[in-house]
Amino acid sequence: MPNNETQTIQELLWKDVRKDVAQKNSILAKIIDELNPSSEYTLFKARYHFGSEILKNGHLYIPDNKGSLIHLNDSSTPANIRNKINYNLGSNPVFILLNRLAEFFIVMENHTIPLYGLIEPGKMFGTWRVLNLMGSHNPIFIWNMTAGSRSIFMLPKISETMRFGKLTRAFGLKAEKPNSLLDHWEIFREIANHPDFGETWTTEILFFSKKWFDRLDDKKWSDFALYLYRNAWLGSEFFRNKYLWDLVFSLILNERNIKPNPYISDTVKHLMAIGTGAFPGFASALNDEAAPIHRLQECIESIYQLEEYAPIIMHPHFLKKEISRPIYYSLQYPTTTEFSPKSRKGSTKIFDLYQIKSLLAKYLVDIHLDELNLGDTPIFDLVEKIQYDFFHTDPENYKGIRLSKEIPEEDKTFIQTPEGMNKNFPINSPFLRGCIRISSKIK
């Protein structure tokens, strides 16, 4: 069945999109209803297929009249569109997602950094620059955004030459056999957009034109402006306080007179940030919001013939303290935003995992003593509310490191979907060779 939902972009009025916005963000819809914006305040609704690169190295790409993606400043871009949404230095205008999910990320050599996890429908993005009238410190930078998840991969290996050849022939793949988890996305994207895939996956984004931000100082627009400021304030909580976060760790290290491997220290700080909800870990996909998950699983199972193992697909996921579902971090797929090199050459994953476990324990002990007056902060909550467990496929004699095969015994989300029933957990997955589980201590 062909992919018959063409990628499009169309200019609309508030009355045309109000219902869609109200379903995902009733507060924002009510505020805009009170404004009763005139026809000058247009919006652009764009539809993208799974894997479409909406932002690439900070630059926005939009559908043309043939459904292909073009740079916002391309000569073929209609002047009306370019003039109305090119107000963030050619990068993304202020937008909200209307359905499905998208991902902001930075690409590294063998992994991605999913900066904000998966963007959910109704949440507004791109407001920082339009709110900084005195000049923003935010550059275009090297942000990327895809329709659906970019930091997505299959837990079992899909790199066996003969079986991958079957996928290549069935879908005419240009992608090579995967060498790392990072390579899985390109394979998924080609399969999902092939005419014989069998279903169409799209996400819709609503871009606000520049006119919406010309009168933020006007009293009539005060509720809209306040909403934007509150949205930006809540979204920047961790980053505004990062200098205090770093200071806390420095004080603890100074008091204990220890100098950890910078790579170990960066990883521990990142694990604690994941525990506070500032960054995502990974979890198995349970629905089609981040990608056409179930159809991809069917294709891998039937064509690649993944007979023994459950076709588990992982994507970014935030820890939610009120929900018992855990998330995972792997030394094989690092997502830290600091890149200190290892100071110990020849270090193994199991040794690094043990060092991370030891340093994390020291931090948590000192935080629990509360000599730094950290009570009622997310950092302090880590002690009482968050559990860290460490896994490896071969834990050797390292105390406190558990076998990876124990993971599905305690986390049934890996095998609760029909595709996972009566299948083995892929215990030899590279992701599990040095893996940390972060979970809530729900009472």
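Details of the structure are given in the entry above.
All told, the structure shown has 30 aromatic pairs when counted by the stated rule. Taken together, a centroid distance of 5.9 Å and an interplanar angle of 20° make the contact between Phe95 and Phe125 stacked. With a gap of 30 residues between them, Phe95 in strand β6 (residues 95-97) and Phe125 in strand β10 (residues 124-125) connect regions that are remote in the sequence. Here Phe95 falls in the buried class, since its relative accessible area comes to 0%. Here a set of aromatic residues connected by ring pairs shows up, and it is made of Tyr41, Tyr87, Phe208, Trp212, Phe213, Trp221 and Phe224. Just above the ring of Trp233 sits the side chain of Arg240; from NZ or CZ to the centre is 3.4 Å. Across from the ring centre of Phe197, 5.7 Å away, lies the NZ or CZ of Arg295, which sits over that ring.

Judged by which residues are buried, strand β14 (residues 281-284) turns out to be covered on both faces: Gly281 and Ala283 on one side and Phe282 and Ser284 on the other are all buried. Sheet topology note: the β14/strand β15 (residues 313-317) ladder contains four bridges and is antiparallel. When the sheet's bridge partners are listed, Phe282 is paired in β15 with Pro316.

Phi is positive for Gln305, which is not a glycine, with a value near 65°. Along the chain, the position of Gln305 falls in the loop between α11 (293-304) and β15. Of note in this structure, Glu396 is not a glycine but carries a positive phi near 50°. Here Glu396 lies in the loop between β17 (386-392) and β18 (401-403).

With that out of the way, let us pick up helix α12 (residues 349-369). A rise of 1.5 Å per residue sets the reference length of α12, with its 21 residues, at 30 Å; its end C-alpha atoms lie 31 Å apart and thus fit the reference within 8%. Of the positions making up α12, those classed as buried are Ile350, Asp352, Leu353, Ile356, Leu359, Leu360, Tyr363, Leu364, Asp366 and Ile367. Buried positions along α12 lie against α9 (242-256), α10 (262-276), α13 (378-385), β17, β18 and β19 (435-440). Phi turns positive one or two residues past the end of α12, at Asp370, with a value near 60°.

Packing of α9 against α12 leaves a shortest axis separation of 11 Å and a crossing angle of 100°. The angle between α9 and α12 falls in the class roughly perpendicular. Here Phe249, Ile252, Leu253 and Arg256 of α9 come into contact with α12, specifically with Leu359, Lys362, Tyr363, Val365, Asp366 and Ile367. Class assignment of the residues belonging to the contact of α9 with α12 gives a composition of seven nonpolar, no polar and three charged.

Definitions and cut-offs
Residues numbered from 1 in each chain as written. Predicted model: local features only at pLDDT ≥ 70, side-chain atom pairs only at ≥ 80, totals over all residues. Heavy atoms only, no water. Phe/Tyr/Trp six-rings, centres within 6.5 Å; stacked < 30°, edge-to-face > 60°. Helix = DSSP H or I, 4+ residues; strand = E, 2+ residues; numbered from the N terminus. Buried < 20%, exposed > 50% of the residue type's maximum accessible area, 1.4 Å probe, protein only. Lys NZ or Arg CZ within 6 Å of the ring centre and 35° of its normal. Pairing = 2+ DSSP bridges. Expected span 1.5 Å × (residues − 1). Contact = heavy atoms within 4.5 Å. Axes fitted to C-alpha atoms, helices over the stretch in contact; angles between N-to-C directions. Parallel < 35°, antiparallel > 145°, perpendicular 65-115°, else oblique. Nonpolar A, V, L, I, M, F, W, Y, C, P; charged D, E, K, R; others polar.

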